[in-house]
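# Overview (structure and organization)
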Amino acid sequence: MKTYKSEYGVKIFAYVISILTAIICFIPFWLIVIGSFTAESEVIRNGFAFWPKEFSMESYRMVFKVPEKIFRSYGITILITTAGTGLSLFLTTMAAFVLMRKDFKYRNQIAMFFYFPSIFSGGLLPGYLLIVNGLQLKDTLWALILPGLLGAWNIFMMRNFMTDIPDSIMESAKLDGANDFVIFTRLYLPLSKAGLATIGLFIALGYWNNWANAKLYINSSKLYPLQYLLYQMFSNIQVLKDAAMQSGVAMVDLPAETFRMAMAVVTTGPILLLYPFVQRYFVKGITVGAVKG
């Protein structure tokens, strides 16, 4: 096919915009990484730079001062993220499979049951009373997993994805004697890889970055996830610096700003390693329902 000059111009323009956008998105992350390797006194004196004038590993020494705590918290966070994402994906896809069935009489009423709480929340107290008093899950890992299992937006997005799967597949499976669970597990789940990868990434990010549930439900330091442990360490450093300032004692070398940057690097590293594996499904999954044929 003949390619016109205008098409080359559009492609060059798209490439330039994409490169500029990528650079704009990369600069803040680069500043965070470089800031974590910069001395606290340099950051206070000159602010953040694209390259450290005074190199320092003090913030990472503070993060890994007690390595067994960090690695234990890493393990807990990985366990919560893996278990929570797997359970959430299974329950989300089951709910989506039911809601997309045209032969299910009450699917609109149940869809409203999921949709209504996403607009009008009951607040923090009912959830706390349910987890602590009702289910007796305080100081357990289930208290960190259960609150994030189901989300209305994930269910509706997965339902839209499954709606695009031809109905003839289900009809053929029923003619062969397959029941609903077999159709769901052996046909719809394998055909929903793009949607599963997209929803799974969102769910995993939610579990990985969540520290509020640990603050509410966890008292034992042995069950602290990574984000909450680093949050407490940063709070302790900030308290020490505030106390030193009030007493007139200079504590410039105690990393506070650079520790915050090191926290960001430590917590986002695994997610950055995970993203390339799901990136090929992400574009297809995020545009679910955008075009109907």
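Residues numbered from 1 in each chain as written. Predicted model: local features only at pLDDT ≥ 70, side-chain atom pairs only at ≥ 80, totals over all residues. Heavy atoms only, no water.

With that settled, consider the UniProt feature "transmembrane region" (unreviewed entry) in the protein. When the UniProt feature table is mapped onto this chain numbering, "transmembrane region" (unreviewed entry) sits at residues 12-33, 74-100, 112-135, 141-162, 183-208 and 259-278. As a span, residues 112-135 carries 79% helix and 0% strand, and end to end its C-alpha atoms are 26 Å apart. Between the C-alpha atoms that bound residues 141-162 there is a distance of 32 Å. The span itself is 68% helix and 0% strand. (UniProt positions renumbered as here; feature names shortened; annotations may be inferred. Helix = DSSP H or I, 4+ residues; strand = E, 2+ residues; numbered from the N terminus.)

Another point: a nonpolar patch on the surface. On the surface, a cluster of nonpolar side chains totalling about 1,100 Å² of accessible area is made up of Tyr8, Ile12, Phe13, Tyr15, Val16, Ile17, Ile19, Leu20, Ile23, Ile27 and Phe50. Position of Ile23 relative to the elements: it lies in helix H1 (residues 5-36). (Patch = residues over 30% accessible without salt bridge, like charges linked within 9 Å, V, L, I, M, F, W, Y side chains within 5 Å. Areas by Shrake-Rupley, 256 points an atom, 1.4 Å probe, with all protein chains shown as cover. Salt bridge = Lys/Arg side-chain N within 4 Å of Asp/Glu carboxyl O.)

Turning to helix H11 (residues 193-209), a few remarks are in order. When the terminal C-alpha atoms of H11 are compared, their 24 Å separation across 17 residues agrees well with the 24 Å that a helix rising 1.5 Å per residue should span. Counting buried residues in H11 gives twelve out of 17 residues, a clear majority hidden from the surface. Buried residues of H11: Ala194, Gly195, Leu196, Ala197, Thr198, Ile199, Gly200, Leu201, Ile203, Ala204, Tyr207 and Trp208, and no others. (Expected span 1.5 Å × (residues − 1). Buried < 20%, exposed > 50% of the residue type's maximum accessible area, 1.4 Å probe, protein only.)

So, on to the packing of aromatic side chains. Evaluation of the coordinates by the stated rule reveals 17 aromatic pairs. A centroid spacing of 6.4 Å and a plane angle of 25° characterise the contact between Trp30 and Trp51, whose relative ring orientation is stacked. Note that Trp30 is positioned in helix H1 and Trp51 in the loop between helix H2 (40-46) and helix H3 (58-63), a separation of 21 residues in sequence. For Trp51, a relative accessible area of 61% translates into the label exposed. (Phe/Tyr/Trp six-rings, centres within 6.5 Å; stacked < 30°, edge-to-face > 60°.)

To continue, consider the packing of helix H5 (residues 107-119) against helix H8 (residues 152-163). The N-to-C vectors of H5 and H8 enclose an angle of 140°; their axes lie 9 Å apart at closest approach. Compared by their axis directions, H5 and H8 come out oblique. Contacts between H5 and H8 involve Ala111, Phe114, Tyr115 and Ser118 on the former and, on the latter, Ala152, Ile155, Phe156 and Arg159. Looking at the contact of H5 with H8, its residues break down into six nonpolar, one polar and one charged. (Axes fitted to C-alpha atoms, helices over the stretch in contact; angles between N-to-C directions. Parallel < 35°, antiparallel > 145°, perpendicular 65-115°, else oblique. Contact = heavy atoms within 4.5 Å. Nonpolar A, V, L, I, M, F, W, Y, C, P; charged D, E, K, R; others polar.)

The tally for this structure, following the rule as stated, stands at five salt bridges. Here Arg61 and Glu58 are joined by a salt bridge, their closest N and O atoms 3.5 Å apart. One end of the pair, Arg61, and the other, Glu58, are both in helix H3, three residues apart, so they sit about a helical turn from each other. Arg61 gets classed as exposed once you look at its relative accessible area, which sits at 52%. When its relative accessible area of 30% is taken as the criterion, Glu58 is described as partly exposed. Between Asp103 and Arg101 there is a salt bridge; the shortest N-O distance is 2.9 Å. The class of Arg101 is buried, set by a relative accessible area of 9%. Several salt bridges share partner residues, and in doing so they unite Arg101, Asp103, Lys174 and Asp180 into one network.

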